Amino acid sequence: MADQRTAWGWGLASIDAAGTTLDVWYPKLTLGTAPSPADRPAPGFDALVREQADARGVRRIPIFTVSNLDAAPTDAADAYLRLHLLSLRLAKPNTINLDGIFGVLTNVVWTNYGPFAIEDFALRKMDVQAAAANAVNGAPSANVEVMLVDKMPRMVDYVVPTGVRIGNADRVRLGAYLSEGTTVMHEGFVNFNAGTLGVSMVEGRISQGVVVGNGSDIGGGASIMGTLSGGGKLRNSIGEHSLLGANAGIGISLGDNCVVEAGLYVTAGTKVTVYDKAKVAAGEPLDVVKGSDLSGKNNILFIRNSVSGRIEARYRKVGIALNEKLHKN
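Note that the structure is predicted; figures quoted are calculated from it, not measured.

**Focus on the overall build of the protein**
Line of reasoning, step 1. The secondary structure content of the protein amounts to four helices and 26 strands.
Line of reasoning, step 2. Considered along the principal axes of its C-alpha atoms, the protein spans approximately 85 × 50 × 40 Å.
Line of reasoning, step 3. Within the span of the protein, comprising 329 residues, buried residues form 45% of the whole.
Line of reasoning, step 4. Long-range pairs, those at least 24 residues apart, make up 49% of the contacts in the protein with a sequence separation of at least 6.
Line of reasoning, step 5. Averaging the coordinates of the 32 positive side-chain charges in the protein and doing the same for the 31 negative ones gives two points 5 Å apart.

**Re the UniProt feature "binding site: Mg(2+) 2" (unreviewed entry) in the protein**
Line of reasoning, step 1. UniProt's entry tags Glu187 with the feature "binding site: Mg(2+) 2" (unreviewed entry), counted in the numbering of this structure.
Line of reasoning, step 2. Summarising the element assignment, glutamate 187 is placed in the loop between strand E10 (183-184) and strand E11 (189-190).
Line of reasoning, step 3. According to the relative accessible area criterion, glutamate 187 is exposed, its value standing at 58%.
Line of reasoning, step 4. Those residues in contact with glutamate 187, other than ones at most four positions away along the chain, are Arg171, Glu203 and Gly204.

**Here's the deal with the domain arrangement of the protein**
Interfaces are often described in size by the accessible area the parts lose on coming together.
Line of reasoning, step 1. Each domain of the protein was delimited in the assignment, giving domain 1 (4-148) and domain 2 (163-324).
Line of reasoning, step 2. Inter-centroid distance (C-alpha atoms) of domain 1 to domain 2 is 35 Å.
Line of reasoning, step 3. Domain 1 puts 13 residues into the contact, and the matching count from domain 2 is 18 residues.
Line of reasoning, step 4. Buried surface at the junction of domain 1 and domain 2, summed over both partners, amounts to about 1,400 Å²; 62% is from carbon and sulfur atoms.
Line of reasoning, step 5. If you look at where domain 1 meets domain 2, you find one salt bridge.
Line of reasoning, step 6. Across the pair arginine 89 and glutamate 180 runs a salt bridge whose closest N-O atoms are separated by 3.9 Å.
Line of reasoning, step 7. Our count for the contact surface shared by domain 1 and domain 2 stands at six residue pairs in polar contact (both at pLDDT 80 or more).
Line of reasoning, step 8. Of all the elements in the fold, those that place two or more residues in the side of domain 1 that touches domain 2 are helix H1 (76-87) and helix H2 (101-104).
Line of reasoning, step 9. When residues of the side of domain 1 that touches domain 2 are assigned to their parent elements, the largest contribution, five residues, is made by H1.

**A closer look at the sheet that holds strand E26 (residues 311-315)**
Line of reasoning, step 1. Strand order in the open sheet formed by 10 strands is E8-E10-E13-E16-E19-E21-E25-E26-E23-E24, with mixed pairing between adjacent strands. In this open sheet, the two strands that pair with only one neighbour each are strand E8 (165-166) and strand E24 (287-290).

**A closer look at the nonpolar core**
Line of reasoning, step 1. The biggest cluster of nonpolar side chains holds 62 residues, and the ones touching the most others in it are Ile206, Ile224, Leu244, Val260 and Phe302.
Line of reasoning, step 2. The set of elements that each furnish at least two residues to this core consists of strand E1 (6-15), strand E2 (21-25), H1, strand E5 (108-111), strand E25 (300-304) and E26.
Line of reasoning, step 3. At eight residues, H1 tops the list of elements feeding residues into this core.
Line of reasoning, step 4. Among the domains, domain 1 (4-148) and domain 2 (163-324) are the pair contributing at least three residues each to this core.
Line of reasoning, step 5. Once residues lying within four places of it in the same chain are set aside, the contact partners of valine 260 are Leu243, Leu244, Gly245, Ala248, Ile250, Leu254, Val266 and Phe302.

**Here we look at the sheet that holds strand E7 (residues 146-150)**
Line of reasoning, step 1. Here we have three strands laid out as an open sheet, ordered E6-E5-E7, and antiparallel in their pairing. Of all the strands in the sheet, just strand E6 (114-117) and E7 have a single pairing partner and so form its edges. Across the sheet, the mean angle from the axis of one strand to that of its neighbour is 25°, orientation sign disregarded.
Line of reasoning, step 2. Against the sheet, helix H3 (residues 121-135) contacts E5, E6 and E7, and its axis sits at roughly 135° relative to E6.

**Focus: H3**
Line of reasoning, step 1. In a regular helix each residue adds 1.5 Å, so 15 residues correspond to 21 Å; H3 covers 21 Å between its end C-alpha atoms and thus fits that length.
Line of reasoning, step 2. Within H3, burial applies to Phe121, Val128, Gln129, Ala132 and Ala133. Down the axis of H3, the smallest arc covering the buried residues is 135°, so these residues share one side. The exposed residues of H3 that point more than 90 degrees off its buried face are Leu123 and Asn134.

**Re the pattern of salt bridges**
Line of reasoning, step 1. On inspection of all chains with the given rule, the structure shows 11 salt bridges.
Line of reasoning, step 2. Note that aspartate 120 and arginine 124 form a salt bridge whose closest N and O atoms lie 3.0 Å from each other.
Line of reasoning, step 3. Here aspartate 120 falls in the partly exposed class, since its relative accessible area comes to 26%.
Line of reasoning, step 4. The class for arginine 124 is partly exposed, based on a relative accessible area of 21%.
Line of reasoning, step 5. Its salt-bridge partner being aspartate 287, residue lysine 279 comes within 3.1 Å of it at the nearest N-O pair.
Line of reasoning, step 6. Residue classification places aspartate 287 among the partly exposed positions, given a relative accessible area of 42%.
Line of reasoning, step 7. By sharing partners, the salt bridges in this structure join Arg154, Asp157 and Asp170 into a single network.

About the criteria used
- Residues numbered from 1 in each chain as written.
- Predicted model: local features only at pLDDT ≥ 70, side-chain atom pairs only at ≥ 80, totals over all residues.
- Heavy atoms only, no water.
- Helix = DSSP H or I, 4+ residues; strand = E, 2+ residues; numbered from the N terminus.
- Buried < 20%, exposed > 50% of the residue type's maximum accessible area, 1.4 Å probe, protein only.
- Contact = heavy atoms within 4.5 Å.
- Lys, Arg positive; Asp, Glu negative; His and termini not counted.
- Charge placed at Lys NZ, Arg CZ, Asp CG, Glu CD.
- UniProt positions renumbered as here; feature names shortened; annotations may be inferred.
- Domains from an automatic or database assignment.
- Buried area = accessible area lost by both parts, 1.4 Å probe.
- Salt bridge = Lys/Arg side-chain N within 4 Å of Asp/Glu carboxyl O.
- Polar contact = N/O pair within 3.5 Å; in protein donor to acceptor, adjacent residues only side chain to side chain.
- Pairing = 2+ DSSP bridges.
- Core = buried A, V, L, I, M, F, W, Y, C linked by side-chain atoms within 4.5 Å.
- Axes fitted to C-alpha atoms, helices over the stretch in contact; angles between N-to-C directions.
- Expected span 1.5 Å × (residues − 1).
- Arc of directions from axis to C-beta.

Structure below.
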């Protein structure tokens, strides 16, 4: 089992004029001990290798990468291997070391012609357009479309998992883990090292480090607090057959069969009244706890009482059921 903490594979790296690795694409990765140089399979990139820089000022060369998944990423090639592992479903979120990943990646201009270095983008863009025009005998130059400027690209340009639907490819980062049966609608977002562990509907935001269980629904505009911006270590999650209502949010974990009503945000410090029918019938005061005290617990309905305005946690017997035909991807 120890060798399963290593992963290896051939990648095709894009290297700019300054020698910086802009990206690496790994069509296939393997878990376990890497073979010796004499026993390595052939890269299989012959038709795609470019030893001389193209109009972008970028070379494309094969590299063989071995990653110790318990140690932090050492360079861009190592980081890209880990992001591919997640999107290829070879490693689940929060199971491999991603410490310092942004420090080994460079900011890139991602275009329909591939990655560009930021520093000389305007000049390189003209070179690409001129080369495209010359290739078709003086036709109007092809447009260079900028899709995003970021350290991580879109997932679908590198990995397209089976059994998923994605309404807007720009909103799913490489390193997202999407299980079969997942539907990410146009306003849904899935960050790297985050995703779904089963059939799920994603219309809201799944932040870095967050996982959503089978049969759960993240409603439109809903948000799950992650660890990236705040720097915290707490990993929030959603269990199975739970619903985060439209424009709702959580800073705690939900267990199985839970619902947070639309528009309600529950954080660790939120004061929540635990509704108990027996105590109400007896005229006894209800318990008031912090949201963190209910984190991860099953069968809870979180609502705001429309009369008193207080946030209540009520017992919910069963979970939600997703549309089976809708998620048969």
